[in-house]
Amino acid sequence: MDYAAGKRPDDGFVKKLEEAVKEAKKNREWRHEYMTLLMRDQENIEKGIEQGIWGTVS
């Protein structure tokens, strides 16, 4: 909970996890894929809004 609140990690596991996140952020291929999926999701949301189906329950 401290880490989520913005405090620096004291735990070895949390430090390793933080390093893994930093490395993932440096990965250009991963970032490209993430942004592509994010853009696709946004387009689908916009299409749903235009069609009046966003937020309805099936």
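For the structure itself, look to the data block above.
The residue count restarts for each chain, going from 1 along the sequence in the order it is written. In keeping with the model being predicted, local features are shown solely for residues with a pLDDT of at least 70 and side-chain atom pairs are shown and tallied solely at 80 or more, while totals for entire chains, interfaces and linings include all residues. Only hydrogens and water are set aside; all other atoms, that is, all heavy atoms of the structure, feed into the side-chain values.

Draft legend 1. A look at the overall build of the protein. Counting from the N terminus, the helices are DSSP H or I runs at least four residues long and the strands are E runs at least two residues long. Along the backbone of the protein there are 2 helices and 0 strands. Classification of the 58 residues of the protein by burial places 5% in the buried group. Throughout, the Shrake-Rupley method with a 1.4 Å probe supplies accessible areas, and for residues the shown protein chains are the sole cover considered. Just so you have it, the protein exposes about 5,800 Å², and 56% of that area is on carbon and sulfur atoms. Any residue under 20% of the maximum accessible area for its type is buried, any over 50% is exposed, and the rest in between are partly exposed; the area is computed with a 1.4 Å probe on protein chains only.

Draft legend 2. Just a nonpolar patch on the surface, in detail. Like charges within 9 Å and nonpolar side chains (Val, Leu, Ile, Met, Phe, Trp, Tyr) within 5 Å are joined into patches, using only residues over 30% in relative accessible area that form no salt bridge. A carboxyl oxygen of Asp or Glu within 4 Å of a side-chain nitrogen of Lys or Arg is what we treat as a salt bridge. Together, Trp30, Tyr34, Met35 and Leu38 give the surface a local cluster of nonpolar side chains, amounting to about 420 Å² of exposed area. Mapping Met35 onto the fold places it in helix α2 (residues 28-51).

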